[in-house]
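Notes for the structure review
Spelled out, the chains give:
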Amino acid sequence: MLRRDLIAAAVALPSVAAATMAEADDAPSSSGASFGIAGVGLPIISGGRVRNYVFVSLRLHLGGAATPESMRPKAAFLRDALVRAGHRTPFVVENDWTRIDAAALSASLMRSAATIAGRGAVTRVEVLSQAPRRRTGVRAG
């Protein structure tokens, strides 16, 4: 009988933990809602040539009536707008092909988000990580 109770508890424990985690994720945080976009590859263009790609992960801080659920269908459009802007006017840091200009990226995505999701839907864009494809690049001494 004891073995049966242990097996039943082991089966039930992960589902209880998952339900508790889901409730914690749905609870509004003190800083407001946010939505993550991961793995967007942006080109580093210098001298008319693609020199490197930097893969970025972003967190969009939402405002107004925007929720993560309402932003999920718009994520593909936000990614597309970001990649298009990255090719049109690259987010290049001078003399460094391994990083992007986070301020320029944030400003561009804020403009695009106002058109795609509505004015005030995204209050701030935070660059969480930058991972270059090639780890070397031109740097000024």
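1. Structural notes on the overall build of the chain
Secondary structure assignment for the chain yields four helices and five strands. Helices and strands in the chain line up, N terminus first, as α-β-β-α-α-β-β-α-β. Out of the 141 residues in the chain, the part that is buried amounts to 28%. Put simply, 70% of the contacts in the chain that link residues at least 6 apart link residues at least 24 apart. Carbon together with sulfur atoms contributes 56% to the accessible area of the chain, which is approximately 9,000 Å² in total.

2. As for the pattern of salt bridges
For the structure shown, the criterion picks out three salt bridges. The partner of E126 in a salt bridge is R59, and the shortest N-O contact between them spans 3.7 Å. Remark: R59 occurs in strand 2 (residues 49–62) and E126 occurs in strand 5 (residues 122–132); sequence separation between them is 67 residues. Here E126 falls in the partly exposed class, since its relative accessible area comes to 24%. Assessed through its relative accessible area of 31%, R59 is described here as partly exposed. The residue D96 makes a salt bridge to R99 at a minimum N-O spacing of 2.8 Å.

3. Notes on the nonpolar core
L42, L58, L60, M71, L82, I100 and L105 are the most contacted members of the largest nonpolar core, which totals 25 residues. The set of elements that each furnish at least two residues to this core consists of strand 1 (34–46), strand 2, helix 3 (75–88), strand 4 (96–100), helix 4 (102–116) and strand 5. Non-local contacts of L82, meaning those with residues more than four positions away in its chain, are made with V40, L42, L58, F91, L105 and L109.

4. A word on the confidence of the model for the chain
Here the chain averages 81 in pLDDT, while 75% of its residues score no lower than 70. When the criterion is pLDDT under 50, residues 15–31 qualifies, and its contacts beyond four places in sequence or with other chains add up to zero contacts.

Rules and cut-offs
- Residues numbered from 1 in each chain as written.
- Predicted model: local features only at pLDDT ≥ 70, side-chain atom pairs only at ≥ 80, totals over all residues.
- Heavy atoms only, no water.
- Helix = DSSP H or I, 4+ residues; strand = E, 2+ residues; numbered from the N terminus.
- Buried < 20%, exposed > 50% of the residue type's maximum accessible area, 1.4 Å probe, protein only.
- Contact = heavy atoms within 4.5 Å.
- Areas by Shrake-Rupley, 256 points an atom, 1.4 Å probe, with all protein chains shown as cover.
- Salt bridge = Lys/Arg side-chain N within 4 Å of Asp/Glu carboxyl O.
- Core = buried A, V, L, I, M, F, W, Y, C linked by side-chain atoms within 4.5 Å.
- pLDDT = per-residue confidence, 0-100.

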